[in-house]
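Residues per chain, in single letters:
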Amino acid sequence: MKKEGIPFDGFGSVLEMLRRSDSAFREKILRNIRGRDPHLAQRLEHGLRSSAARQEEDSRAKLERSQRAAHTRQYGN
């Protein structure tokens, strides 16, 4: 029997919650998870590092684009 419904990504939801939480709360949650399931804690930490690196790359790209645009605007003056 096929279940129908809204697909739910629990792992992704937890990553998003940890990303948005403050560092003390994030560490408390990860410490508790690490005590019960070290492999899951490791996967979450890896996911957090990957998303942080991706966000940093996006931020750098946005900064470079805005700097190029500013230089382009000033070039004609």
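Residues numbered from 1 in each chain as written. Predicted model: local features only at pLDDT ≥ 70, side-chain atom pairs only at ≥ 80, totals over all residues. Heavy atoms only, no water.

1. Some points on the overall build of the protein
Using the following cut-off: Secondary structure is summarised from DSSP: a helix means a run of H or I of at least four residues, a strand means a run of E of at least two, and numbering begins at the N terminus for each. Only protein chains enter the area calculation, which uses a 1.4 Å probe; residues under 20% of their type maximum are buried, those over 50% are exposed, and those in between are partly exposed. All accessible areas in this document rest on Shrake-Rupley with a 1.4 Å probe, and a residue is counted as covered only by the protein chains that are shown.
In terms of regular secondary structure, the protein is built from three helices and zero strands. When its helices and strands are written in sequence order, the protein yields α-α-α. By the burial criterion, 13% of the 77 residues in the protein qualify as buried. About 6800 Å² of surface is accessible on the protein, with carbon and sulfur atoms providing 53% of the total.

2. Focus on the packing of helix H1 (residues 10-20) against helix H2 (residues 23-36)
We count it as follows: In this analysis, axes come from line fits to C-alpha atoms, helices being fitted only over the stretch in contact, and the angle between any two N-to-C directions falls in the range 0 to 180 degrees. Between 65 and 115 degrees an angle is taken as roughly perpendicular, under 35 as roughly parallel, over 145 as roughly antiparallel, and anywhere else as oblique. Contacts were defined at the residue level, with two residues in contact if any of their heavy atoms lie within 4.5 Å. As a working rule, the residues Ala, Val, Leu, Ile, Met, Phe, Trp, Tyr, Cys and Pro are called nonpolar, Asp, Glu, Lys and Arg charged, and the rest polar, with Gly in that last group.
Close contact between H1 and H2 brings their axes to 8 Å; oriented N to C, the two are set at 140°. Of the possible angle classes, the one that applies to H1 and H2 is oblique. Judged by residue contacts, Met-17, Leu-18 and Arg-19 of H1 engage Phe-25, Arg-26, Ile-29 and Leu-30 from H2. Residue composition of the contact of H1 with H2, by class: five nonpolar, no polar and two charged.

3. Overview of the nonpolar core
Our working rule: Residues grouped as a nonpolar core are buried Ala, Val, Leu, Ile, Met, Phe, Trp, Tyr and Cys residues, joined through side-chain atoms within 4.5 Å.
Formed by Leu-15, Leu-18, Leu-30, Ile-33, Ala-41, Leu-44 and Leu-48, the largest nonpolar core amounts to seven residues. Contributing elements (two or more residues each) for this core: H1, H2 and helix H3 (38-75). Tallying contributions element by element places H3 first for this core, with three residues. Non-local contacts of Leu-18, meaning those with residues more than four positions away in its chain, are made with Arg-26, Ile-29, Leu-30, Leu-44 and Leu-48.

4. Remarks on a nonpolar patch on the surface
The criterion, for reference: Like-charged residues within 9 Å of one another, or nonpolar side chains (Val, Leu, Ile, Met, Phe, Trp, Tyr) within 5 Å, are grouped into patches, provided each residue has over 30% relative accessible area and no salt bridge. In what follows, salt bridge is the name for a side-chain nitrogen of Lys or Arg lying within 4 Å of a carboxyl oxygen of Asp or Glu.
On the surface, Val-14, Met-17 and Phe-25 cluster together into a nonpolar patch covering about 220 Å² of accessible area. Looking at the secondary structure, you find Phe-25 in helix H2. Overall, the relative accessible area of 36% leaves Phe-25 in the partly exposed class.

5. A closer look at the packing of aromatic side chains
To be explicit about the condition: To pair, rings of Phe, Tyr and Trp, with the six-membered ring standing in for Trp, must have centres within 6.5 Å; the planes then decide the type, stacked if under 30 degrees apart, edge-to-face if over 60, and tilted in the middle. In this scheme, the term charge over a ring applies when either NZ of a lysine or CZ of an arginine sits within 6 Å of the ring centre and within 35 degrees of the ring normal.
Scanning the model with the defined rule gives zero aromatic pairs in all. Taking the ring centre of Phe-11 as reference, the NZ or CZ of Arg-43 above it sits at 4.3 Å.

6. Focus on the pattern of salt bridges
With the rule as written, the count across this model stands at three salt bridges. The salt bridge partner of Arg-19 is Glu-16, with a shortest N-O separation of 2.5 Å. Taken as a pair, Arg-19 and Glu-16 lie in helix H1 at a separation of three residues, close to a single helical turn. Using a relative accessible area of 28% as the deciding quantity, one classes Arg-19 as partly exposed. Taking the shortest distance from any N to any O, the salt bridge between Glu-16 and Arg-20 comes out at 2.4 Å. Remark: Arg-20 and Glu-16 occur in helix H1; sequence separation between them is four residues, near one turn of the helix. Three or more residues joined by partner-sharing salt bridges are found here, namely Glu-16, Arg-19 and Arg-20.

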